[in-house]
Amino acid sequence: MKREFLSGIVSGGLSFFVKTAAMLILTPLMIGLLGVKLYGAYLLFVGISELSLLAATGLTTGFIQNFSKAVGSQNGLLRHSLLISARWVYSLIALSVLFLGWLLMPFLIAQLFKVGPYPVHYLEWIGYLVVLTAVMNIFSQYLSAILWTHFLHKQTNVVECVRGILEAILAVIILYAGGDIAGVFVGRLVIAFFTAVLIGRLAWQAEPGLRETWNKVSCSFEGISELFRVSLFAMITKISVFVAHRMDEFIIAAYLTLTDVTCFGLVMRMLGQIAALMVKLSEGTSPFFARLSGQDDVESSRYLFLRSTALMHFMVCLLLMLVMFGFPEFLEYMGDGKVHLKQALPLALIACGTIWTGSIQIPASSYLFSSGFYRFQTVSTVITALCNLGLSIVFIKYFGLPGVILGTLIPHAIQNHFVTIKMSLFRLKISWIQFFSNVYIRTFPPLLVAGVLLTCARYSGSYLFKTPLLPFSFLLPLLALCGFVSAVVWAVWCLDYKEKELLIGFVRKIPFLQFLKTNSINS
């Protein structure tokens with residue numbers, strides 16, 4: 001299973017970098033073509049789309065937990081029952097999203113676009129397109145969850161990567177052809193439909209039970225009750241996380257301006273990609289913890305917890321250092337010169353702390369949820385989200401735009417370290433000294449190497465080019481080199497012998513390296 005886990009991590013990382021490159025190309029073009037205010041409206045519609053997926057996301061977490069245990073225990077009856085139950089519940093959620101979207105969209109448009117860039121009925125039509133896209137994504141989540149339980153993250157990562165590229169290309173073509181936001185969301189709807197069809201075909205091939213139960217409609221009460229029990233807590237947790245993070249844009253829109261929404265959105269799109277990568281890299285931990293929990297394998301759970309948390313800490317710190325090193329240049333490029341560094345830099349510095357503390361708690365959260373601590377996780381997350389919402393509303397009145405992200409950082413730093421991680425350490429019988437030694441101290445040397453390299457590079461680049469902003473022809477290769485050197489130091493310093501062998505074997509199987517090796521042998 002280690003090989004499948006590593007394959008998921010590498011493919012997730014590659015998918016992330018490709019989608020990030022597409023985002024880097026698309027964002028400045030959209031800001032230039034739409035303008036700052038219309039791009040802020042686009043971000044709000046994206047937020048509405050993510051809000052529509054909250055219930056399905058919670059169900060996905062519960063389904064993965066239960067289905068992984070059923071697969072690990074080879075319980076065929078429960079396995080089939082969960083497949084049928086999940087299909088019915090996902091369908092019910094999709095219908096609910098359609099109905100509530102049709103019912104509440106006029107109210108949402110009236111609240112979010114008090115001075116709208118388009119007529120109200122036109123904005124409502126765009127909102128309905130967003131809801132239809134969310135329905136397609138709900139069925140994609142169900143089918144993707146089946147692939148994830150079989151550790152086939154590589155397949156879903158490739159599909160998501162291609163989808164991100166197509167969405168970016170199609171949006172650019174539509175905007176250059178004279179289209180507007182509505183055209184962009186029509187394109188997203190079409191791509192979402194074909195994505196669901198493709199993932200469905202892959203799931204059909206990977207899970208025999210899907211073919212065996214496709215025409216069945218009845219299932220045992222055991223499967224439904226267990227699925228609902230876990231999914232309910234997961235859904236509440238996901239809603240709380242959304243309130244804690246995505247509601248910031250709506251708070252800014254209510255108290256400030258769409259220009260401020262764009263500034264906040266740009267910063268979080270740059271740094272938020274790091275948080276998205278951490279979630280992507282840790283997708284495999286949830287089914288792993290679920291299977292280990294079903295087998296009562298505490299020792300393996302302890303090993304997975306420490307190693308995955310150390311990886312999260314190293315990766316998030318390294319990526320934050322790389323992004324913040326080139327933050328002035330990235331902001332100038334992505335904001336098309338219309339967003340000022342003086343306004344965005346305080347947001348970015350506070351957001352770094354939020355992203356770091358949120359990333360390193362992912363393995364702990366996955367372990368607790370897989371071990372049956374649904375109520376504990378849900379209650380602590382809901383309390384944190386409510387504190388986040390209240391602090392953000394209060395702080396925005398006193399500190400302006402930075403107050404929103406500061407209201408997010410404080411409660412989450414407390415919850416992540418002194419509730420989630422602390423409880424995981426207690427359950428796994430890991431001392432704080434052992435945790436700090438394996439996670440923070442062990443990964444300090446490679447991070448120190450990256451910090452020294454980036455500091456020297458900034459001073460040497462400023463001296464060579466005599467400008468405050470470094471050219472991308474110098475900046476991007478420099479960031480890639482520093483990241484690569486730090487990753488090599490991490491692999492040499494932090495991995496044990498078996499992990500190094502596994503990593504080397506996986507790297508040797510990369511198609512591009514095999515192609516180079518074959519050509520060198522032939523020549």
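Residues numbered from 1 in each chain as written. Predicted model: local features only at pLDDT ≥ 70, side-chain atom pairs only at ≥ 80, totals over all residues. Heavy atoms only, no water.

Caption draft 1: Local environment of the overall build of the chain. Within the chain, the regular secondary structure consists of 23 helices and 0 strands. Counting all 523 residues of the chain, 53% fall into the buried class. A sequence separation of at least 24 residues applies to 84% of the contacts in the chain between residues at least 6 apart. As presented, the chain carries roughly 23,800 Å² of accessible surface, and 71% of it is formed by carbon and sulfur atoms. (Helix = DSSP H or I, 4+ residues; strand = E, 2+ residues; numbered from the N terminus. Buried < 20%, exposed > 50% of the residue type's maximum accessible area, 1.4 Å probe, protein only. Contact = heavy atoms within 4.5 Å. Areas by Shrake-Rupley, 256 points an atom, 1.4 Å probe, with all protein chains shown as cover.)

Caption draft 2: Inspection of a nonpolar patch on the surface at higher detail. Taken together, the side chains of Trp125, Val186, Val190, Phe193, Phe194 and Val197 make up a nonpolar region of the molecular surface, amounting to roughly 560 Å² of accessible area. Counting residues per element, the nonpolar patch draws most heavily on helix 7 (residues 181–206), at 5 residues. Relative to the assigned elements, Val186 resides in helix 7. By relative accessible area, which is 32% here, Val186 ends up partly exposed. (Patch = residues over 30% accessible without salt bridge, like charges linked within 9 Å, V, L, I, M, F, W, Y side chains within 5 Å. Salt bridge = Lys/Arg side-chain N within 4 Å of Asp/Glu carboxyl O.)

Caption draft 3: Looking closely at the environment of Phe193. Assignment of secondary structure puts Phe193 in helix 7. When the C-alpha positions of Phe193 and Val135 are compared, they lie 9.3 Å apart, and in sequence the two are 58 residues distant.

Caption draft 4: Representation of the packing of aromatic side chains within the structure. What the rule picks out here adds up to 14 aromatic pairs. Judged by centre distance (6.3 Å) and plane angle (35°), the rings of Trp356 and Tyr440 are tilted. Here the residue Trp356 occupies a position in helix 15 (residues 341–360), and Tyr440 occupies one in helix 19 (residues 432–441), the gap between them amounting to 84 residues. Each ring, one from Trp432 and one from Phe436, has its centre 6.0 Å from the other, and the planes form 45°; the classification is tilted. Here Phe436 and Trp432 lie together in helix 19, a separation of 4 residues that amounts to about one turn. (Phe/Tyr/Trp six-rings, centres within 6.5 Å; stacked < 30°, edge-to-face > 60°.)

Caption draft 5: Examining the pattern of salt bridges more closely. Across all of its chains, the model carries 4 salt bridges by this definition. In this structure, Glu167 and Arg163 form a salt bridge, with 3.1 Å as the shortest nitrogen-oxygen distance. Taken together, the residues span about one helical turn, with Glu167 and Arg163 both in helix 6 (residues 153–176) at a distance of 4 residues. Here the two residues Glu167 and Arg163 agree in accessibility, since each one is buried. When the shortest N-O distance is used, the salt bridge between Arg458 and Glu329 registers 3.2 Å. Remark: Glu329 occurs in helix 14 (residues 327–334) and Arg458 occurs in helix 20 (residues 444–465); sequence separation between them is 129 residues. An identical accessibility class is assigned to Arg458 and Glu329; each is buried. The network of salt bridges with shared partners includes Arg163, Glu167 and Arg188.

Caption draft 6: Molecular detail of the packing of helix 14 against helix 21 (residues 472–494). At their nearest, the axes of helix 14 and helix 21 sit 11 Å apart, and the two run at 125° to each other. Of the possible angle classes, the one that applies to helix 14 and helix 21 is oblique. Here helix 14 runs over helix 21; the crossing is left-handed. In contact with Glu329, Phe330 and Tyr333 of helix 14, helix 21 contributes Phe472, Leu475, Leu476 and Leu479. Of the residues assigned to the contact of helix 14 with helix 21, the class counts are 6 nonpolar, no polar and 1 charged. (Axes fitted to C-alpha atoms, helices over the stretch in contact; angles between N-to-C directions. Parallel < 35°, antiparallel > 145°, perpendicular 65-115°, else oblique. Left-handed = near helix turned anticlockwise from the far one by under 90°. Nonpolar A, V, L, I, M, F, W, Y, C, P; charged D, E, K, R; others polar.)

Caption draft 7: Just unusual backbone geometry, in detail. For Lys429, which is not a glycine, the phi torsion comes out positive at approximately 60°. Relative to the elements of secondary structure, Lys429 occurs in the loop between helix 18 (401–428) and helix 19. Of the residues examined, Lys429 reaches a relative accessible area of 67% and is grouped as exposed.

Caption draft 8: Geometry of the side chain of Thr384. When you line up the elements, Thr384 lands in helix 17 (residues 374–399). Under the relative-accessibility criterion, Thr384 is labelled buried at 6%. In this structure, Thr384 is in contact with Pro411, His412 and Gln415, ignoring residues within four places of it in sequence.

Caption draft 9: Spatial organisation of the environment of Tyr333. You can see Tyr333 is positioned in helix 14. With 304 residues separating them along the chain, Tyr333 and Leu29 place their C-alpha atoms 9.7 Å apart.

Caption draft 10: Seen up close, the packing of helix 13 (residues 298–325) against helix 16 (residues 362–370). Two elements in contact, helix 13 and helix 16, have axes separated by 8 Å at closest approach and are oriented at 150°. Here helix 13 lies roughly antiparallel to helix 16, going by the angle between them. Of the residues in helix 16, those in contact with Ser301, Phe305, Ser308, Thr309 and Met312 of helix 13 are Pro363, Ala364 and Tyr367. Grouping the amino acids of the contact of helix 13 with helix 16 by side-chain chemistry returns 5 nonpolar, 3 polar and no charged.

Caption draft 11: A look at the environment of Ser365. You can see Ser365 is positioned in helix 16. The spacing of Ser365 and Asn416 is 51 residues in sequence and 8.7 Å in space, taken between C-alpha atoms. In this view, Ser365 contacts Gln377 and Thr420; residues no more than four positions away in its chain are not counted.

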